[in-house]
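Residue-level listing of the chains:
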Protein chains: 6
Amino acid sequence: MSNPSTLLVVTAHPGDFVWRAGGAIALAHSRGQRAVIACLSFGERGESASAWRAGKNLEEIKEIRRAEGQKAADLLGAEVQFFDANDYPLRETDELMQQLIDLYRSVQPDVVLTHAAADPYNMDHPKAAEIALAARVLAQAPGVTGPGEVIGAPPVFSFEPHQSEVCGFVPNVLLDITEVWETKVAAMNSLGAQGHLVDYYTDLGKRRGVQAKRNSGPNLGLPVHTFAEAYQRIYPQVTGELN
Amino acid sequence: MSNPSTLLVVTAHPGDFVWRAGGAIALAHSRGQRAVIACLSFGERGESASAWRAGKNLEEIKEIRRAEGQKAADLLGAEVQFFDANDYPLRETDELMQQLIDLYRSVQPDVVLTHAAADPYNMDHPKAAEIALAARVLAQAPGVTGPGEVIGAPPVFSFEPHQSEVCGFVPNVLLDITEVWETKVAAMNSLGAQGHLVDYYTDLGKRRGVQAKRNSGPNLGLPVHTFAEAYQRIYPQVTGELN
Amino acid sequence: MSNPSTLLVVTAHPGDFVWRAGGAIALAHSRGQRAVIACLSFGERGESASAWRAGKNLEEIKEIRRAEGQKAADLLGAEVQFFDANDYPLRETDELMQQLIDLYRSVQPDVVLTHAAADPYNMDHPKAAEIALAARVLAQAPGVTGPGEVIGAPPVFSFEPHQSEVCGFVPNVLLDITEVWETKVAAMNSLGAQGHLVDYYTDLGKRRGVQAKRNSGPNLGLPVHTFAEAYQRIYPQVTGELN
Amino acid sequence: MSNPSTLLVVTAHPGDFVWRAGGAIALAHSRGQRAVIACLSFGERGESASAWRAGKNLEEIKEIRRAEGQKAADLLGAEVQFFDANDYPLRETDELMQQLIDLYRSVQPDVVLTHAAADPYNMDHPKAAEIALAARVLAQAPGVTGPGEVIGAPPVFSFEPHQSEVCGFVPNVLLDITEVWETKVAAMNSLGAQGHLVDYYTDLGKRRGVQAKRNSGPNLGLPVHTFAEAYQRIYPQVTGELN
Amino acid sequence: MSNPSTLLVVTAHPGDFVWRAGGAIALAHSRGQRAVIACLSFGERGESASAWRAGKNLEEIKEIRRAEGQKAADLLGAEVQFFDANDYPLRETDELMQQLIDLYRSVQPDVVLTHAAADPYNMDHPKAAEIALAARVLAQAPGVTGPGEVIGAPPVFSFEPHQSEVCGFVPNVLLDITEVWETKVAAMNSLGAQGHLVDYYTDLGKRRGVQAKRNSGPNLGLPVHTFAEAYQRIYPQVTGELN
Amino acid sequence: MSNPSTLLVVTAHPGDFVWRAGGAIALAHSRGQRAVIACLSFGERGESASAWRAGKNLEEIKEIRRAEGQKAADLLGAEVQFFDANDYPLRETDELMQQLIDLYRSVQPDVVLTHAAADPYNMDHPKAAEIALAARVLAQAPGVTGPGEVIGAPPVFSFEPHQSEVCGFVPNVLLDITEVWETKVAAMNSLGAQGHLVDYYTDLGKRRGVQAKRNSGPNLGLPVHTFAEAYQRIYPQVTGELN
């Protein structure tokens, strides 16, 4: 249970890993853990409205989003692999699946983060989650081809969608990210194309922080200004201690 | 998050804390933690069929069940307080509620275990859970009278009912109890009146153990023969680390 | 599994056993089985608007509703026991509970029918269901006082509320009542105070009949004009044959 | 409702029809009914870890799994058709769908068994269920090409996944398989590749058996040692009798 | 919120827009609004049993269904666009998706109606809903190619499936269609191939009408004979007034 | 549907009507409608921690909370009736129920607002909702005694609990309260005892406002800075127009 050494984050678009899991990523890095991001598309169609309105073409937009995503990953202290698998709609292909299986086996993650199972505002998000979960199961099987060793059974957490209740997201884990909050803010600000969301996710960080304090046991001693991210476990937690 | 020093278990009947949470209790004791059981009734009507058939009267049966419950608690290493609040049906009274509030404040629990919110086979079980949760909230409020300091916000876990799916119980925590399994078996065997259930709960312990292994991350290293108990969190987990 | 000899129906008000379970009752009677109705109140406040508007007093209205209920039960071929436990709101009391336990033990039902667990249009309905389920569990226990033998574990079915989806009612049993349909119609028509509902429940009987045909296996051979009632099981069906 | 003459079981992998539905299959055979298994893949990648580790190649493994599956089907008294449609991941193709439609029309099943709708541990399981349900609907339509007569509306039951609660599986049917239990054990033991699961599913059979006894009406008279399998209906049960 | 000028209805088959949404369409037309129907297939395989039994071939049947669908749309006062994308099974293709995106952008709907998210009786229905929702999201994005302006965020309503509870359909909107009821009846009667359903949906219209009256606030003043259609919102309602 | 003239808000404690429904109340007042608040307790035990810590006694605290509640109601433009029915725990009594029935009949509300059905953080909240719904049904019945005319069937909306997802709250209505936002802020600030929550609910108002803009149809034209409150309908909406 102690010292998970590698975190794998599978997202549909570059913005997702910043808004939704930036704190968890920065936290892993700050503790000397390896953090790897599998970014399935550049969000070139679905998350780049202002660039399209400014007259950029597809390749230019991909480059912009790649640069932004790389910069945000650098700020968070993570490696990022771009799969360029198209968005709007993101589709599951044999090629994408094999690449992701290979990544799982190469990275041997101890913890996996991805999208929630439903999102009526964006069909790429649940599709990315479906792909992430299927690739994880495939990477566990010796009969599935690919380099490297099969993986174990790392726990998977859904990070928070934009409108939680409508997506059926019920957080059962609140992660205290207070100590890396400034890092998350810096990464959010680095995403030029979607800067208007920084306020929204700053408020959310505060809101989840207040809830973390309200749900804390007597010994936790959270600071006055706590920031948190919300997650939902896919599989039961296995533990040697209830707390 | 480290070293929770006190565990409080609120059950409707004496058998419940053994079958459903005996492992968690023994584990707490084995680590030097204090474990306190609030046993709201003796199960004198609902869990004592053979004693009634043998012609015992109410007071005799209560004494038998009290002795059994005390012995099981001793074996598990826990203190037990019997509230003698009647069973079948267990009812919420102002007196019972105040006694339980006082216990919360006296014990200052770091973790609370109780029944699940529904059980169509036994109406005392959800009632005990409702009482346990309400008393916990009341014990948090300075405006509610009673000796001692108000409590914090200890996490609450539902333990497993007899037929999980029909009770809407979806385990999201699997607690490894392998190291105290023999202690739990001894406590189960001490409950003379309900000995036929030992096999059932032994099988369940193995079954949950297999599932714990299937859900474990690479670093957990569970033993070949793992025994586990299943729990469901009522409130979100607050944590500084995803694992 | 064959030849259940006694049916027990627990309802909040007289109308309920006719609108919601009249077919099942008539079917039991037509097969030589005993059908017993436990009618907890007369529906004197909540289901007697026209009588109140006509200036009747409480006792007069109870007598009217008792006579109607008795007549409907006679038409369906059932015994009916009125508990006169007040409606709007119906409340659980020790006295009512003991009377119902006694009835369970006296009747020894093979099948139990009652209301669904939720109904935002009428708080008496879920309360009657809660009472019926608790009394059934209490009647199983040798430690609960009362005459007669303890009962076994008869299956329980919820009958259909007035607006199914809003009440969370999901039918998983469609009972073919075609052969007793005219009897149900006669019983519905005997309820003078609520005659405007006959059309509504006639349409419902047809609708559930069409669905029964759509869900029938090849061997069932339902007639062209099938009437049905919808039910939801509370406990798993135990069977020696899947069909 | 009486004497269903043909059972069709649609599974993703050979092991599934043994672990999850072996009792229902053996029971059908013991009563002179026809049982047909549609095994969509050989489980060659996802359920054959030890063979891969032993250095077998794909074709060898398929042959091993085919032989095992055939042997288990023989022991249970069922015909088995292997579709060799690949696993990990199993995919819906027009060819597979047409073959399955043809099978439905040829077999004219009275009862259909398949996987549950969700399984976060194995994406082939819900995919097989989706395929089985779609093929059943297509086989009902005169406008869908293929030999033979269209089928009726046979009831469909989901059999039990490996970790029921996490898969959203809520059993509403417990099938008493006591009389064929030894046959199921023999079939389980014939699956060399996955022998470590025999204990797990033996415990499950006992556990579901205890629950069957707890949920039985007074007339059922189940034996002391009852074994059962759990199922969940997809469509409402149509019946002429509540029991 | 006032005067929505265009209604877009996306259905799998021609019958669907009549049975399930004919009232809403006629109501829009009666108020001078534009109503456009996107009919993805002709229901040539799944909804044309009698034509196949009469020996018609595929093209003949498509023409029959097209003519019927056109006539029904004319009666309701709507434009209809047939996509001829095949049914049983309806599949999502890039071509179909682009055509539908183009339609969204051309029509600029203020309200969208489509199927519910689940239907175990007909896999085309949830597939059509999935396509309708994805195309709506894609049509919102400047980065998705196609003529015309991107659309806003029109609310989406699921119309009622054939067996609501089994499909998980929980109506949260009841639309009063009394003033156009005769128009809906005429459109239903124009569908020669499925005339036996007119009674079923007439009863449903009455039933939903009775429920509309039961759920109306004091000021609504619904007529004695009210007819209604049931809908379920996908997204939260945005309003300036609670009522 | 037009011009609802009276709003009734039933809350457990004074703070609730400000934090959760202050916008709706102010909006009603600003439109010349009558708004009446039924405040069942003073929150004297559960929401007055600082006053208890400051050594005030029960009567003093009730007076403080009454004054604060009255002031907030005045600022929002509402009448408030305090029932002084005790909190922590709030209990249903015959007296309270009759008083509330009388209020319903006197006020004849067109819209009712109350708590959500579940809240594991505060048992008074769901109890107040249960009381509000039962009193509404009782007030509809001519057979229930009390002055004034029976009421119709006003729609009921749950307002938002403190931690929505954990309470099972899924908003399906977002009310634009931008035009009265300053009034709500003033009312929030008037609640001296709980001033630390103003930031939390200001953030929530912004957050729900952003979501209202994201869910708005093309014609709604919400302002740049929109504030909103979230609600969940208990009963289906009855309407003459989909929008």
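Refer to the structure above for everything that follows.
## Here we look at the pairing of strand β6 (residues 173–176) of chain B
Residue alternation in β6 of chain B divides its side chains into two sets, Val-173 and Leu-175 of chain B and Leu-174 and Asp-176 of chain B, and both sets are buried. When strand β8 (residues 237–239) of chain A meets β6 of chain B, the two strands line up parallel, connected through 3 bridges. Within β6 of chain B, the residue paired with Gln-237 of chain A across the bridge is Val-173 of chain B. As paired elements, β6 of chain B and strand β7 (residues 228–233) of chain B share 4 bridges and run antiparallel to each other. Of the residues in β7 of chain B, the one forming a bridge with Val-173 of chain B is Tyr-231 of chain B.

## A look at the relation of the copies chain D and chain A
Overlaying chain D on chain A yields an RMSD of 0.0 Å, the required transformation being a rotation through 120 degrees with an accompanying axial translation of 0.0 Å. Overall, the copies show the geometry of a three-fold rotation axis.

## Regarding unusual backbone geometry
Residue and element names in this part refer to chain A. The step from Tyr-88 to Pro-89 runs through a cis peptide bond, and the omega angle for that step is 5 degrees. The residue Pro-89 is located in the loop between β3 (79–82) and α5 (94–107) in this model. For Asp-84, which is not glycine, the phi dihedral falls at a positive 45 degrees. Take Asp-84: it is sitting in the loop between β3 and α5.

## Examining the interface of chain D and chain A
Between chain D and chain A, the residue contacts involve 13 residues of the former and 14 residues of the latter. Interface area for chain D against chain A, summed over the two sides, is near 1,100 Å², with a carbon-plus-sulfur share of 65%. Looking only at chain D, the three residues that lose the most surface to chain A are Arg-45, Tyr-88 and Arg-91 of chain D, adding up to 38% of its buried area. Counting across the interface, chain D meets chain A through 2 salt bridges. Between Glu-92 of chain A and Arg-91 of chain D there is a salt bridge; the shortest N-O distance is 3.1 Å. The interface formed by chain D and chain A holds 4 residue pairs in polar contact (both at pLDDT 80 or more) in total. When its residues are assigned to classes, the side of chain D that touches chain A shows 8 nonpolar, 2 polar and 3 charged.

What counts, and where the lines are drawn
- Residues numbered from 1 in each chain as written.
- Chains lettered and ligands numbered in written order.
- Predicted model: local features only at pLDDT ≥ 70, side-chain atom pairs only at ≥ 80, totals over all residues.
- Heavy atoms only, no water.
- Buried < 20%, exposed > 50% of the residue type's maximum accessible area, 1.4 Å probe, protein only.
- Helix = DSSP H or I, 4+ residues; strand = E, 2+ residues; numbered from the N terminus.
- Pairing = 2+ DSSP bridges.
- Least-squares fit on C-alpha atoms with pLDDT ≥ 70 in both.
- Contact = heavy atoms within 4.5 Å.
- Buried area = accessible area lost by both parts, 1.4 Å probe.
- Salt bridge = Lys/Arg side-chain N within 4 Å of Asp/Glu carboxyl O.
- Polar contact = N/O pair within 3.5 Å; in protein donor to acceptor, adjacent residues only side chain to side chain.
- Nonpolar A, V, L, I, M, F, W, Y, C, P; charged D, E, K, R; others polar.

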